[in-house]
Amino acid sequence: MTQTLSLRRPDDWHLHLRDGAMLQAVLPETARHFARAIIMPNLVPPVVTGDQAAAYRDRILAALPEGMRFEPLMTLYLTEETDPEDVAAAAASGLVKAVKLYPAGATTNSASGVRDFDKVRGVLEKMAEIGLPLCVHGEVTAAEVDIFDRETVFIDRVLDPIRRATPGLRVVMEHITTSGAADYVRAQDGDDLGATITAHHLIINRNHILVGGIKPHYYCLPVAKRESHRLALVGAATSGDARFFLGTDSAPHTDANKESACGCAGCFTATNTMSLVAEIFDREGALDRLEGFTSLNGPAFYRLPVNEATITLEKGAPVTYPAHIVSADGPVTVFDPGFPLHWRVL
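Just so you know, these numbers come straight off a predicted model, no measurement behind them.

The rules behind these values
- Residues numbered from 1 in each chain as written.
- Predicted model: local features only at pLDDT ≥ 70, side-chain atom pairs only at ≥ 80, totals over all residues.
- Heavy atoms only, no water.
- Helix = DSSP H or I, 4+ residues; strand = E, 2+ residues; numbered from the N terminus.
- Rg over C-alpha atoms; globule rule 2.2 N^0.38 Å.
- Buried < 20%, exposed > 50% of the residue type's maximum accessible area, 1.4 Å probe, protein only.
- Contact = heavy atoms within 4.5 Å.
- Areas by Shrake-Rupley, 256 points an atom, 1.4 Å probe, with all protein chains shown as cover.
- Lys, Arg positive; Asp, Glu negative; His and termini not counted.
- Charge placed at Lys NZ, Arg CZ, Asp CG, Glu CD.
- Pairing = 2+ DSSP bridges.
- Axes fitted to C-alpha atoms, helices over the stretch in contact; angles between N-to-C directions.
- Salt bridge = Lys/Arg side-chain N within 4 Å of Asp/Glu carboxyl O.
- Parallel < 35°, antiparallel > 145°, perpendicular 65-115°, else oblique.
- Left-handed = near helix turned anticlockwise from the far one by under 90°.
- Nonpolar A, V, L, I, M, F, W, Y, C, P; charged D, E, K, R; others polar.

Draft legend 1. Local environment of the overall build of the protein. Within the protein, the regular secondary structure consists of eleven helices and 13 strands. Relative to a compact globule of 346 residues, whose C-alpha radius of gyration would be 20 Å, the protein shows 19 Å and is just as compact. The 346 residues of the protein split such that 58% are buried. Within the protein, residue pairs in contact and separated by at least 24 positions form 74% of the contacts whose partners lie at least 6 positions apart. Surface accessibility of the protein: about 13800 Å² in total, with carbon and sulfur atoms responsible for 51%. Counting 32 positive and 43 negative side-chain charges, the protein places the centres of these two groups 3 Å from one another.

The structure is reproduced here in structure tokens:
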């Protein structure tokens, strides 16, 4: 017996496309199912000005295969030298939909990120004034803080003080990984705080990375936490709470860069995200809330219209996805959940 489910076409509110040959290889994997995506600006060099964002958007659209429709939603990389007026102009033009905060050294290509948060106060105040969201990679980078505690410490030391000091600032806590982060979102009043949750953090805990040998293709930042935190994320995603929405953080790295003495952080999920999340929601008896998480809650937070087009998912025999996609830079491993996926996009 098969089962079908129709949804408004989903969006991805946190996506890495890279550039050059990697962009060419991975863009079709997202555009196949997703109408729009918030594009991460952590290229080398990073996308820090409106002109650079416009040029990157042009390269993305040029790489889009003929017949595919996809809208990249551009972001700027926040640095201590970011000009508030350039941010405001890029937002007013409709080009830029958010600014991304990376604490310096927190993750891939984050060396240009923020160390002294007082130096970006003027940018944050301008963003609050114009209603432009701040997307945050929520981890501190202090050497004395355990890697499994970095998200919790960030909320206490950085995020909450920033929000208290900047009334009206609209914030997306990206790729949350802890029950505490989910609880923090729920505890806030108003509509100025949201959170994205990835497909892979709904599926893996830290045992998947470390038990039975190191699994480099499950290594990501923020790193997956205990099983109790994974269950809390599943609860948040499937709750129907509109403050939680899908951001895949799909992050392509070649196998050579993942399977090395100092492997890169990131899971590549663009190919099978919709099957992954449908499987999780089905297990939780929450398929009626899947459209909200993938297609409705994100546009509401970003104050954008919901997509008019729809997609249809079908449940049946297990779906087979390629183990890798091919790029001119080398193969990229597609995330393997470790269990069969029965939902496919028709």
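After that view of the structure, there is still more to cover.
Draft legend 2. Local environment of the sheet that holds strand S3 (residues 36-39). Overall, parallel pairing links the eight strands, which are arranged S2-S3-S4-S5-S6-S7-S8-S9 in an open sheet. Every interior strand has two partners, whereas the edge strands, strand S2 (12-15) and strand S9 (244-246), have only one. Here the average twist between neighbouring strands, direction ignored, is 30 degrees. Here three bridges tie strand S5 (residues 96-101) to strand S6 (residues 134-136), and the two strands are oriented parallel to one another. Bridged to Leu101 within S6 is Val136. Across the face of the sheet, helix H2 (residues 50-63) comes into contact with S3, strand S4 (71-77) and S5 while running at roughly 150 degrees to S4.

Draft legend 3. Molecular detail of the sheet that holds strand S10 (residues 310-315). With antiparallel pairing, three strands are arranged side by side in an open sheet as S1-S10-S13. Of all strands in the sheet, those with a lone pairing partner are strand S1 (3-8) and strand S13 (343-345), marking the two edges. Across the sheet, the mean angle from the axis of one strand to that of its neighbour is 25 degrees, orientation sign disregarded. Relative to S10, S1 runs antiparallel, the two sharing six bridges. Paired with Thr4 across the bridge in S10 is Glu314. Its contacts with the sheet place helix H10 (residues 273-283) against S1, S10 and S13, and it is angled at close to 140 degrees to S13.

Draft legend 4. Main features of the pattern of salt bridges. Per the counting criterion, the structure on display carries 14 salt bridges. In this structure, Lys100 and Glu174 form a salt bridge, with 2.7 Å as the shortest nitrogen-oxygen distance. With Lys100 in strand S5 and Glu174 in the loop between strand S7 (171-173) and helix H6 (179-187), the pair connects residues that are 74 residues apart, well separated along the chain. Each member of the pair, Lys100 as well as Glu174, carries the same accessibility label: buried. As a salt-bridge pair, Glu129 and Lys126 come within 3.6 Å of each other at their nearest N and O atoms. Of this pair, Glu129 and Lys126 both sit in helix H4 (residues 121-130), three residues apart, which is roughly one turn of the helix. Looking at Glu129, the relative accessible area reads 60%, which means it is exposed. On the accessibility criterion, Lys126 (15% relative accessible area) is buried. Taken together, the shared-partner salt bridges in this structure form one network comprising Glu85, Lys126 and Glu129.

Draft legend 5. Broad picture of the packing of helix H3 (residues 84-92) against H4. Where H3 contacts H4, the axes come no closer than 9 Å and their chain directions differ by 30 degrees. Between H3 and H4, the angle falls in the class roughly parallel. The hand of the H3/H4 crossing is right-handed. Contacts from Pro84, Glu85, Val87, Ala88 and Ala91 in H3 reach Gly122, Val123, Lys126, Met127 and Ile130 in H4. Among the residues forming the contact of H3 with H4, the class breakdown is seven nonpolar, one polar and two charged.

Draft legend 6. Representation of the pairing of S5 within the structure. Across the six residues that make up S5, a large majority, five, are buried. By the bridge criterion, four bridges tie S4 to S5 in an arrangement that is parallel. Opposite Tyr77, over in S5, you have Lys100 as the bridge partner.

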